[in-house]
Amino acid sequence: MFIFGIALSVAAVPGGAARRRHDFARIGVQRMVRRHALMRRLPAVETLGCTSIICSDKTGTLTRDEMTVRAVFAGGELIEVTGAGYEPSGSFLRDGKPAEPSDSVRRLLTAATLASDARVVHDAADGRWRVKGDPTEGAFVVAAAKAGLHKAELDTAGLALGNRRLRPRPSG
């Protein structure tokens, strides 16, 4: 019975289906070459043909390997962050108007920076800011710097707190 089921499923697929699929992909490649969109491998064209949603990158995440924090939600409020890339210059906006980050936003950015291993460095040769470490963590470090929270200072303060002996709270 099992062998009969396999034979029936194989017989249901037309013999030239694979060949036709290959021909359609080849025609697709030829059309893309005419439009100067060259694909080197046929599977890439097949994948593109199956795509229903294309996400574009307008901030440099994919093209420049840079990430930028654009907004922070903390303490029940949404704060926009201006600036792009790893340059630590920008401001915070509340309802489109410049605002100082609230204590809850500052605490969130402090925690994100202390949890990060990334460092943001300025390359004097070309004037660009670069991240040493994970790009996502670098984006948090830059957002914190925009709020005046610098990683080196936070790390030093964190080490000082970590080196103190913790004493139990007195009861009562």
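Rules and cut-offs
Residues numbered from 1 in each chain as written. Predicted model: local features only at pLDDT ≥ 70, side-chain atom pairs only at ≥ 80, totals over all residues. Heavy atoms only, no water. Helix = DSSP H or I, 4+ residues; strand = E, 2+ residues; numbered from the N terminus. Buried < 20%, exposed > 50% of the residue type's maximum accessible area, 1.4 Å probe, protein only. Contact = heavy atoms within 4.5 Å. Areas by Shrake-Rupley, 256 points an atom, 1.4 Å probe, with all protein chains shown as cover. pLDDT = per-residue confidence, 0-100. Pairing = 2+ DSSP bridges. Polar contact = N/O pair within 3.5 Å; in protein donor to acceptor, adjacent residues only side chain to side chain. Axes fitted to C-alpha atoms, helices over the stretch in contact; angles between N-to-C directions. Parallel < 35°, antiparallel > 145°, perpendicular 65-115°, else oblique. Left-handed = near helix turned anticlockwise from the far one by under 90°. Nonpolar A, V, L, I, M, F, W, Y, C, P; charged D, E, K, R; others polar. Core = buried A, V, L, I, M, F, W, Y, C linked by side-chain atoms within 4.5 Å.

### Comments concerning the overall build of the chain
Counting its secondary structure elements, the chain contains six helices and six strands. Each helix (α) and strand (β) of the chain, taken in turn from the N terminus, gives the series α-α-α-β-β-β-β-α-β-β-α-α. When burial is assessed residue by residue, the chain has 24% of its 172 residues classed as buried. A fraction of 45% describes how many contacts in the chain between residues 6 or more apart in sequence connect residues 24 or more apart. For the chain, the accessible surface area stands at approximately 13000 Å², while carbon and sulfur atoms represent 58% of it.

### Focus on the confidence of the model for the chain
The share of residues in the chain with pLDDT of 70 or more is 61%, and the mean pLDDT across the chain is 76. For the chain, the element scoring lowest by mean pLDDT is helix α3 (residues 42-49), at 60; strand β3 (residues 92-94) scores highest, at 93.

### Overview of the sheet that holds strand β1 (residues 71-74)
Neighbouring strands of a sheet are bound in pairs by backbone hydrogen bonds; such pairs are parallel or else antiparallel. In space, the four strands of this open sheet follow the order β1-β2-β3-β4, with antiparallel pairing throughout. The open sheet has two edge strands with one neighbour each: β1 and β4 (97-98). Taken together, the two bridges between strand β2 (residues 77-81) and β3 define a ladder with antiparallel strand orientation. Bridged to V81 within β3 is F92.

### Quick notes on the side chain of S104
You can see S104 is positioned in helix α4 (residues 103-114). A distance of 3.1 Å separates a polar atom in the side chain of S104 from a polar atom in the side chain of S102. Dropping the residues within four chain positions of it, S104 is found in contact with A74, G75 and E77.

### Brief notes about the environment of P98
By secondary structure assignment, the location of P98 is in strand β4. Sequence separation between P98 and V81 is 17 residues; the distance between their C-alpha atoms is 9.8 Å. For P98, the contacting residues outside a window of four places in its chain are F92 and L93.

### Some thoughts on the packing of α4 against helix α5 (residues 135-146)
In contact at an axis separation of 9 Å, α4 and α5 are set at 135 degrees when each is read in the N-to-C sense. On the basis of their axis angle, the class for α4 and α5 is oblique. Where α4 crosses over α5, the handedness of that crossing is left-handed. Together, L109, A112 and T113 of α4 and F140, V141, A143 and A144 of α5 make up the contact between the two elements. In terms of residue class, the contact of α4 with α5 is made up of six nonpolar, one polar and no charged.

### Comments concerning the nonpolar core
Counting residues in each nonpolar core, the largest one holds 14 residues, and the members touching the most others are V69, V72, F92, V105, L109 and L149. At the level of elements, β1, β2, α4 and α5 are the ones that each hand at least two residues to this core. Looking at which element gives the most residues to this core, the answer is α5, with three residues. The contact partners of V105, leaving out residues within four places of it in the chain, are V72, A74, E77 and I79.

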